[in-house]
There are 2 protein chains.
Amino acid sequence: MARINDSYLKLKAGYLFPEIARRVRTFAEAHPNAAIIRLGIGDVTEPLPPAIVEAMQRAVGEMSRRESFRGYGPEQGYDFLREAIAEHDFRARGCDISADEVFVSDGSKCDTGNILDIFGIENRVAVQDPVYPVYVDTNVMAGRTGAATPEGRYAGLVYLPCTEANQFSPALPDEPVDLIYLCSPNNPTGTALTKSALQGWVDYARRNDAIILFDAAYEAYITDAEIPHSIYEIPGARDVAIEFRSFSKNAGFTGTRCAYTIVPKTLTGAAADGGRHNIHALWTRRHTTKFNGVSYPVQAGAAAAYSPEGRQQIRELVRFYLENASLLRSGLERAGIQVFGGVNAPYIWLKTPGGQSSWDFFDALLTQAHLVGTPGSGFGSCGEGYFRLSAFNSRQNIEEALARLTKFVG
Amino acid sequence: MARINDSYLKLKAGYLFPEIARRVRTFAEAHPNAAIIRLGIGDVTEPLPPAIVEAMQRAVGEMSRRESFRGYGPEQGYDFLREAIAEHDFRARGCDISADEVFVSDGSKCDTGNILDIFGIENRVAVQDPVYPVYVDTNVMAGRTGAATPEGRYAGLVYLPCTEANQFSPALPDEPVDLIYLCSPNNPTGTALTKSALQGWVDYARRNDAIILFDAAYEAYITDAEIPHSIYEIPGARDVAIEFRSFSKNAGFTGTRCAYTIVPKTLTGAAADGGRHNIHALWTRRHTTKFNGVSYPVQAGAAAAYSPEGRQQIRELVRFYLENASLLRSGLERAGIQVFGGVNAPYIWLKTPGGQSSWDFFDALLTQAHLVGTPGSGFGSCGEGYFRLSAFNSRQNIEEALARLTKFVG
């Protein structure tokens, strides 16, 4: 008798963003003339940079000719891309990472879930609250949690509250944990952790033989020169951290699909008998057995992100979205809304006026102002009373959205 | 203390193909003048068909302009592709499959491993022997097996021998099983299961509430009109089978990466409390939580496989490789080698002369004839004494390989 994975039955309804899409679709169908502006899902709007497009076109052309056609590539990614990543994203920032520690993938949404394959079920997992739902849902699916609680948490996970009171920089846990998800710059709060805070986490992990799962998908948005872009800028991190990066939000690859994970060769974990094992070897085994590499034209495009033209075009893209974020921030502040984030991240984290619940604010904003954002409670119990706006849209839509927001809260 | 997944420690060394690549690399470095012909890994050699290239170029161009740029797509794939698949690959063959039962992915290597996420650990899993190593290794990683045995098996899996004696069509298991991997046309034996045999499996699954994981990655190679291309040609299959398909070996997408999985909405599995649950809903949850869709230009290319030009060009590609297989078959038979497969599949399964072990034959063929194949024992204990050659290469290389093989066995 084929048995399902019962852990899936613990999941609360569906993944957050399809639920939002459903509500928006329902409203749009009932109000076909509403000019809905979407600042919800955090999807880029501007086209791929020319240098990347050119590289992809060239690579597709190569696939059309026998002499340059490529079949199966190395599952970890082509050397030309891994070397560019190691050089530009790490060594240029003084981080000791080598090309063979880079694992190219089709997304950090995939990686942050799949990484759990190599860890035992007995690990105690800590997540920030609010949190990117994938970190939580994938642990529920893996069987590491109990049931959902009325507060929107799951028994068995350790939650690290990120609130106004601690400036969205979580305190160390007061119980031992083994795997710690840290997202910085943070989705959804937009706050980036300081060097000092990250040093605290690396030291904690070293003392407790824990592993940090560091999601730096938004590092390109950091404007504060003191904020680390990589966990490996912190001394000692190579022995306790895995880092996730993505081309989605800097190069605009949400529909093109490329990302990578760094697994230092110095990282180890314990087996049941206490023996130490190399995490890089385990991830290599997982990656080469359950994955078959990223599309060659896509890797060629990602590599072009590191050319001088590519880097320049990406800087312009990121600057454009950061200007959107800045406009939203100042506009909302002028309207009397308390805002966070939007300085080192493409997300604004605002406090709902009058203590309105996140979903009530979502529904009111959608129906009255025809704007879509993401209710903070969708990211966890500490997100209740907050609301996320993404800076990914045209300048015209951002300005229009701001006008509507100002009117709406006025 | 971060704990690894101890199940990984049960894995025998590395995945098969990186091991072969290592031996070949070692030989090539020591003998740089050897003109090694690779008939091992089963990687296509001919370029992408023009209709597909054109569609991909057009799609990359769309990504360069704001008005046609695409960000996140539906994780299950774009409707234009899902509908083409349902229409051409299923309804046109009389199979009742709808577009919303199609889940587009980046590879059936990925899918056949990831599908295990939604099934409980207590399932008894059956695999053919010999078998595509991914089905076995991913179950070891998931914790469904005991230790490796000296015969090259794992305690806890049920093996279905495929030998000369049963014409490589396995008998039903003599103990209850819950999940059954069937690959037809088969990798590595090249044998395709008859309608009657498949009906037997569907009936078995219906009687035992088991689920068939049907890998039809090579269905485009079927030349015998009586052989089913899809499990859904068998009455009753919708309630007991998941099917995996790929664009790798028909459209040449090994380096481009696109595939799909069919999960009928009528498929159910049991929870621990005996309740029935919809497998389609579980896979939707997994796919939308742990995956973010296939690259848009790649999906556009895959959809072009269903245009009249695309279908014609793919037929020519497949015919080319089948002619290679036919040449290898007849040439080997003339040389006195017993061969199987190569009629409904791009793989030749030959019996090693003189009862030589598979790996000895591999080493001898590599060092003396500078040819690479895949040792049958790498696919399981019933593969010992057999050897797999793939038909994926230039006509010139196939003819040269045949000449060397003839000389080698002579």
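Rules used throughout
- Residues numbered from 1 in each chain as written.
- Chains lettered and ligands numbered in written order.
- Predicted model: local features only at pLDDT ≥ 70, side-chain atom pairs only at ≥ 80, totals over all residues.
- Heavy atoms only, no water.
- Helix = DSSP H or I, 4+ residues; strand = E, 2+ residues; numbered from the N terminus.
- Rg over C-alpha atoms; globule rule 2.2 N^0.38 Å.
- Buried < 20%, exposed > 50% of the residue type's maximum accessible area, 1.4 Å probe, protein only.
- Pairing = 2+ DSSP bridges.
- Contact = heavy atoms within 4.5 Å.
- Buried area = accessible area lost by both parts, 1.4 Å probe.
- Salt bridge = Lys/Arg side-chain N within 4 Å of Asp/Glu carboxyl O.
- Polar contact = N/O pair within 3.5 Å; in protein donor to acceptor, adjacent residues only side chain to side chain.
- Nonpolar A, V, L, I, M, F, W, Y, C, P; charged D, E, K, R; others polar.
- Domains from an automatic or database assignment.
- Least-squares fit on C-alpha atoms with pLDDT ≥ 70 in both.
- Phe/Tyr/Trp six-rings, centres within 6.5 Å; stacked < 30°, edge-to-face > 60°.
- Core = buried A, V, L, I, M, F, W, Y, C linked by side-chain atoms within 4.5 Å.
- Axes fitted to C-alpha atoms, helices over the stretch in contact; angles between N-to-C directions.
- Parallel < 35°, antiparallel > 145°, perpendicular 65-115°, else oblique.
- Left-handed = near helix turned anticlockwise from the far one by under 90°.

For chain A, the helix and strand inventory stands at eleven helices and 15 strands. On C-alpha atoms alone, chain A measures out to a radius of gyration of 21 Å, which is about the 22 Å that the 2.2 N^0.38 rule sets for 410 residues. By its C-alpha atoms, chain A is 60 × 55 × 55 Å across when sized along the principal axes. Here chain A, with 410 residues, has 64% of them falling under the buried criterion.

Glancing now at the sheet that holds strand β12 (residues 347–351) of chain B. All names here are of chain B. One open sheet accounts for four strands, arranged β11-β12-β15-β14; its pairing is antiparallel. On the outer flanks of this sheet lie β11 (339–341) and β14 (374–375), each paired with one strand and no other. Relative to strand β15 (residues 386–390), β12 runs antiparallel, the two sharing five bridges. The partner of tyrosine 347 across the bridge, within β15, is serine 390.

Let's shift gears to the interface of chain A and chain B. Opposite the 83 residues of chain A that make contact, chain B presents 84 residues. When chain A packs against chain B, the two sides together hide about 7000 Å² of surface, and 56% of this comes from carbon and sulfur. Taken together, the links from chain A to chain B amount to eight salt bridges. Taken together, chain A and chain B are joined by 46 residue pairs in polar contact (both at pLDDT 80 or more). Those elements giving two or more residues to the side of chain A that touches chain B turn out to be α2 (50–63), α4 (108–114), α5 (133–142), β9 (268–270), α7 (279–290) and α8 (296–304) of chain A. At seven residues, α7 of chain A tops the list of elements feeding residues into the side of chain A that touches chain B. Residues belonging to the side of chain A that touches chain B are distributed by class as follows: 35 nonpolar, 27 polar and 21 charged.

Residue and element names in this part refer to chain A. Each assigned domain of chain A is listed with its residue range as follows: domain 1 (6–47 + 309–409) and domain 2 (53–307). Computed from C-alpha coordinates alone, the two centres of domain 1 and domain 2 are separated by 24 Å. The interface of domain 1 with domain 2 comprises 38 residues on the first partner and 49 residues on the second. A buried area of about 3500 Å², summed over both sides, lies between domain 1 and domain 2, and 60% of it is on carbon and sulfur atoms. Our count for the domain 1 to domain 2 interface comes out at one salt bridge. Note that lysine 351 and glutamate 164 form a salt bridge whose closest N and O atoms lie 2.4 Å from each other. Counting across the interface, domain 1 meets domain 2 through 22 residue pairs in polar contact (both at pLDDT 80 or more). Elements supplying a minimum of two residues to the side of domain 1 that touches domain 2: α9 (308–334), β11 (339–341), β12 (347–351) and β15 (386–390). Looking at the side of domain 1 that touches domain 2, the element that brings in the most residues is α9, giving eight residues. Its residues placed into classes, the side of domain 1 that touches domain 2 shows 20 nonpolar, eleven polar and seven charged.

Here we take up the relation of the copies chain A and chain B. When chain A is fitted to chain B, the residual RMSD is 0.0 Å, and the transformation amounts to a turn of 180° plus an axial shift of 0.0 Å. Both copies are brought into coincidence by an operation consistent with a two-fold rotation axis. Among all C-alpha atoms of chain A, that of glutamine 57 of chain A lies closest to the rotation axis, at 3.0 Å. Looking at the interface residues of chain A, 100% of them are also at the interface in chain B, so both copies use one shared face.

Once that is clear, we can look at the packing of aromatic side chains. Evaluation of the coordinates by the stated rule reveals 50 aromatic pairs over all chains. With a centroid separation of 5.4 Å and an interplanar angle of 80°, the aromatic rings of tyrosine 132 of chain A and tyrosine 135 of chain A are classed as edge-to-face. The same class applies to tyrosine 132 of chain A and to tyrosine 135 of chain A, which are both buried. With a centroid separation of 5.6 Å and 75° between ring planes, the pair formed by tyrosine 78 of chain B and tyrosine 296 of chain B is classed as edge-to-face.

With that settled, the discussion passes to the nonpolar core. Residues Ile180 and Phe247 of chain A together with Ile180 and Phe247 of chain B are the most contacted members of the largest nonpolar core, which totals 143 residues. Contacts of phenylalanine 247 of chain A, omitting those with residues within four sequence positions, involve Leu81, Ile85, Gly252, Phe253, Cys258, Ala259, Tyr260, Ala302, Ala305 and Tyr306 of chain A. Counting residues in hydrophobic clusters, the runner-up holds 68 residues, among them Ile118 and Leu179 of chain A together with Tyr132 and Met141 of chain B.

Glancing now at the packing of α2 of chain A against α8 of chain A. Two quantities define a packed helix pair, namely the angle between the helix axes and the distance between the axes. All names here are of chain A. Running from amino to carboxyl end, α2 crosses α8 at an angle of 150°, the nearest separation of the two axes being 8 Å. Between α2 and α8, the interaxial angle falls into the category roughly antiparallel. The chirality of how α2 crosses α8 is right-handed. Contacts between α2 and α8 involve Ala51, Ile52, Ala55, Met56, Ala59, Val60, Glu62 and Met63 from the former and Tyr296, Pro297, Val298, Ala300, Gly301 and Ala304 from the latter. Of the residues belonging to the contact of α2 with α8, the class tally is twelve nonpolar, one polar and one charged.

Tallying each qualifying case throughout the model produces 51 salt bridges over all chains. For arginine 124 of chain B, the salt bridge goes to glutamate 175 of chain B, with nearest N and O atoms at 2.7 Å. On the criterion of sequence distance, the pair formed by arginine 124 of chain B in the loop between α4 (108–114) and β3 (125–129) and glutamate 175 of chain B in the loop between β4 (158–161) and β5 (179–183) is long-range, its members being 51 residues apart. Residue arginine 124 of chain B is classed as partly exposed on the basis of its relative accessible area, which comes to 32%. With relative accessibility at 29%, the residue glutamate 175 of chain B sits in the partly exposed group. Residues joined by salt bridges that share partners form a network here, namely Glu19, Arg22, Arg23 and Asp363 of chain A.

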